[in-house]
Amino acid sequence: MARRYLQYLTVERGLADNTVQSYQRDLRRYVGFLQRRDRQRLADVTELDVAEFRGALHAGDDEHPPLAAGSVGRAIVAVRGLHAFAVKEGMTVQDPAREVPPPAAARRLPKAIDVAEVERVLDAAGSTEDPDPRILRDRALLEFLYGTGARISEATGLDVDDLDHLNREPAVLLSGKGGKQRYVPVGSYAVRALDAYLVRGRPALAAKAGRSTAGGRTASPAVFLNARGGRLTRQGAWGILREAAARAGKPDVSPHTLRHSFATHLLDGGADIRVVQELLGHASVTTTQVYTLVTVDKLREVYAASHPRALG
């Protein structure tokens, strides 16, 4: 039955190979668990069996380490899908997994760094006065990511035409998830870094595109170019930040860290949450509200350190 269910997911549901392979591993473990309980048919499985399998995933055993809530959730989704499929196909009458929900995923607070740490990372990328076009690009990229809160894919997807109006109107149109577009202001630091790169850095990188092949080729329209004159990839942009962050002594900083810091610093400065929602391109303000938890934590720290009667 498990094999038929996996074929159904692949052929009729069109799930990605990686997802199906993960479900296959989860169901293989589930079948082994049931066999040790002498449950030879799905019709023999009880709700208690499914619930105790969920507990076994959390606890681990001699052959398996304990799983995190997200991995347990995926396994239970696979198990619930299998039993629902068996009922649909007429193989069983009861669905013992229907009332066994996946565990609630732990709510992760976004990781942000303070303004001084952001500045150290940006400075580590290099100066806007440097003659090296790659350093000018790196500084412009990181200033842009922090100054706009853009996702890394939004930054690497920018074309030069998208910045034509930047000196007249310091804002940029970003294309986010699902093709949703939004205007985001660009701060003066990012504007200056972009100007330095576009005037003195990008032309040098673009010229390399024509020399990279015997027949020559047209340079990419992308704002951020790689060393060969092509569009900088997400992986390339990630590498630029990783190197700058390591030089600044913050090796755990990621592109999303700059985005989280952008949002957190806006809220710390008094920005309305719905404005931050719009700037980040979140479809729902609920997604943005997680940043308010970060600022509340900061308020608690300041209160505990500053108020004369905060601590006994």
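In the block above lies the structure referred to throughout.
Residues numbered from 1 in each chain as written. Predicted model: local features only at pLDDT ≥ 70, side-chain atom pairs only at ≥ 80, totals over all residues. Heavy atoms only, no water.

Undergrad: Honestly, the nonpolar core in this entry has me stumped. Any pointers?
TA: Grouped burial of nonpolar side chains is what soluble globular proteins tend to show. Among the nonpolar cores identified, the biggest contains 52 residues, and L141, L142, F144, L194, Y197 and F224 are the most heavily contacted of them. With near-sequence residues (within four places) excluded, L142 lies in contact with V121, L122, A125, I240, L241, A244 and L258. Counting residues in each nonpolar core, the second largest holds 25 residues, with L6, Y8, V20 and A86 among its members. (Core = buried A, V, L, I, M, F, W, Y, C linked by side-chain atoms within 4.5 Å. Buried < 20%, exposed > 50% of the residue type's maximum accessible area, 1.4 Å probe, protein only. Contact = heavy atoms within 4.5 Å.)

Undergrad: Would you mind showing me how to read the layout of surface pockets here?
TA: In this approach, a probe sized like a water molecule rolls over the atoms, and the result shows the empty space that is left. Space inside the largest pocket adds up to approximately 360 Å³. In terms of lining residues, the largest pocket is bounded by 18 residues, among which M1, A2, R3, V31 and L82 are the most central. Those elements that provide at least two residues to the lining of the largest pocket are α1 (2-11) and α2 (17-36). (1 Å grid on protein atoms, 1.4 Å probe; cavity = no way out; pocket = protein on both sides within 12 Å on 5 of 7 lines; lining within 4 Å. Points joined across faces, edges and corners; volume = space filled by probe spheres on them. Helix = DSSP H or I, 4+ residues; strand = E, 2+ residues; numbered from the N terminus.)

Undergrad: Sorry, what's going on with the packing of α1 against helix α4 (residues 69-88) here?
TA: A pair of packed helices is characterised by two quantities: the angle between their axes and the separation of those axes. For the pair α1 and α4, interaxial distance at closest approach is 10 Å and the crossing angle is 100 degrees. What the angle tells us is that α1 and α4 run roughly perpendicular. Residues A2, R4, Y5 and Y8 of α1 pack against A78, G81, L82, F85 and K88 of α4. In terms of residue class, the contact of α1 with α4 is built from six nonpolar, one polar and two charged. (Axes fitted to C-alpha atoms, helices over the stretch in contact; angles between N-to-C directions. Parallel < 35°, antiparallel > 145°, perpendicular 65-115°, else oblique. Nonpolar A, V, L, I, M, F, W, Y, C, P; charged D, E, K, R; others polar.)

Undergrad: Would you take a moment to explain α4 for this structure?
TA: Because an α-helix packs 3.6 residues into every turn, residues spaced three or four apart end up facing the same way. For α4, spanning 20 residues, the distance from its first C-alpha to its last is 28 Å, which sits close to the expected 28 Å at 1.5 Å a residue. Here α4 has its buried residues at V72, G73, A75, I76, A78, V79, G81, L82, H83, F85 and A86. Its buried side turned inward, α4 meets α1, α2 and α3 (47-59). Of the residues one or two after α4, G90 is the one with positive phi, at around 80 degrees. (Expected span 1.5 Å × (residues − 1).)

Undergrad: Any chance you could explain the environment of L258 here in plain terms?
TA: Take L258: it is sitting in helix α10 (residues 255-268). In this structure L258 comes out as buried when scored by relative accessible area, which is 0%. Contacts of L258, omitting those with residues within four sequence positions, involve L142, L145, Y146 and L241.

Don't take any of this as a statement about function, it's just geometry.
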